[in-house]
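Okay, here's what each chain looks like letter by letter:
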Amino acid sequence: MSALPLDGKSLAKEMESILKERVSFLAESFKHVPKLATILVGDDPSSATYVKMKALACQRVGMASVRVELPHNTTTEELLQKIHELNQDPLVHGILLQHPVPSHINERMAFEAIDINKDVDGVTCLGFGRMAMGEAAYGSATPAGIISLLEHYKIPLEGKHAVVVGRSAILGKPMALMLLQKNCTVTICHSKTLHLEKFIAEADILVGAVGIPHFIKSKWIKTGAVVIDAGYHPGGIGDIENTKLSSIASAYTPVPGGVGPMTISTLIRQSIESGETQIKSLKTL
Ligand code: NAP
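What counts and what doesn't
- Residues numbered from 1 in each chain as written.
- Predicted model: local features only at pLDDT ≥ 70, side-chain atom pairs only at ≥ 80, totals over all residues.
- Heavy atoms only, no water.
- Helix = DSSP H or I, 4+ residues; strand = E, 2+ residues; numbered from the N terminus.
- Contact = heavy atoms within 4.5 Å.
- Domains from an automatic or database assignment.
- Near = heavy atom within 4 Å.
- Polar contact = N/O pair within 3.5 Å; in protein donor to acceptor, adjacent residues only side chain to side chain.
- Areas by Shrake-Rupley, 256 points an atom, 1.4 Å probe, with all protein chains shown as cover.
- Nonpolar A, V, L, I, M, F, W, Y, C, P; charged D, E, K, R; others polar.
- Pairing = 2+ DSSP bridges.
- Buried < 20%, exposed > 50% of the residue type's maximum accessible area, 1.4 Å probe, protein only.

Right, let's get into the environment of Ser218. Tracing the backbone shows Ser218 in the loop between β7 (205-208) and β8 (226-229). Note: C-alpha distance between Ser218 and Asn242 (24 residues apart in sequence) is 6.6 Å. Beyond its immediate chain neighbours, meaning those up to four positions away, Ser218 contacts Glu241, Thr243 and Ile248.

On to the domain arrangement of the protein chain. Splitting the protein chain by domain gives domain 1 (30-117) and domain 2 (142-261). Relative to domain 2, the C-alpha centre of domain 1 lies at a distance of 28 Å.

Take the site of the ligand next. By nearness alone, 23 residues border the ligand, and Arg167, Ser168, Ser191, Ala230 and Thr263 come closest of all. Within the backbone of Ala230, one N or O atom sits 3.2 Å away from an oxygen atom of the ligand. If the ligand stood free it would expose 920 Å²; the protein chains cover 72% of that surface. In terms of residues, the shell around the ligand owes the most to one element, helix α10 (residues 259-284), which gives 3 residues. Of the residues assigned to the shell around the ligand, the class counts are 10 nonpolar, 11 polar and 2 charged.

Next up on the list: the sheet that holds strand β6 (residues 185-189). Strand order across the open sheet formed by 6 strands is β1-β9-β8-β7-β5-β6, with parallel pairing between neighbours. Since the sheet does not close on itself, it has two edges, and those belong to β1 (4-5) and β6, each with one partner. For β8 and strand β9 (residues 251-252), the ladder comprises 2 bridges, and the chain directions are parallel. Looking across to β9, one finds that Val227 is bridged to Tyr252.

Taking every second residue as pointing to the same face, both faces of β7 are buried, with Ile205 and Val207 on one and Leu206 and Gly208 on the other. Looking at chain direction, strand β5 (residues 161-165) and β7 are connected through 4 bridges and run parallel. Along β7, the bridge assignment pairs Val163 with Leu206. In terms of strand pairing, β7 meets β8 through 4 bridges, oriented parallel. Residue pairing in the sheet places Gly208 in a bridge with Asp229 of β8.

As structure tokens, this is what we get:
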């Protein structure tokens, strides 16, 4: 068997060309473009790269963006104040606080401070809760991007056993809930799971979101499984060992070029949707 690569890079490019038209329409009709504010606290090089990539994506589709860079010793109160200012700014339509923030900051409190209408990465409890209940909400960009990729390639989800390895608030948990909404039967595994290999061997759809390079071994994976690697590590390494994957899986996301580009284009799409809503409502006031 030769597995189908789920090409997130190409799909993200296609999405961007459509998004560019939506931004042009807003610029022509409403004389405004959506604006995403990114907040980076500290000097973690990977986070700095992610923020830069998001700003470049804004540029490619014609959106505005503002990068707020705060020093490592920023306090929770100072960060909350900055978020509050961005909440009040009518020209900012989406706010992204780059995870993780330095450990002395109360990250949950900072996420919760983001105005729900500007929570384009689904990080607030309210946004997460709405998504979990199947109500309108911006989902966390990485799992939402994975769902778009699976749907684009018409991967059957209903009735399938999906195994998500990882339960972080931004990735594993929302991924599991989104797959549940697509009528998968979902198992969530984490660092305290016993007999992890047994669960992985039962997965029709496997999502690796562990944060350890090549942690999931290809020999654990069932023949014909759909394999989604959300991990990303320096040197373009994912969380799933990819040797022999193309002869084991029925479809898989390459690393790089699978999940990463979909995360960015999903964040941009959700920022544009938020911009459309806010810009059009200003016009009708
Ligand atoms: P995280 O917050 O560190 O969460 C890792 C999860 O993996 C935790 O739930 C943890 O379990 C679980 N885990 C750790 N060791 C394990 C083990 N031995 N067996 C089973 N589960 C284990 O990481 P994250 O933010 O979710 O990110 C996960 C990966 O996705 C990273 O590689 C990250 O770089 C990548 N990522 C990629 C994108 C993208 O755009 N492509 C976006 C976000 C993240 P516990 O809860 O029990 O600790």
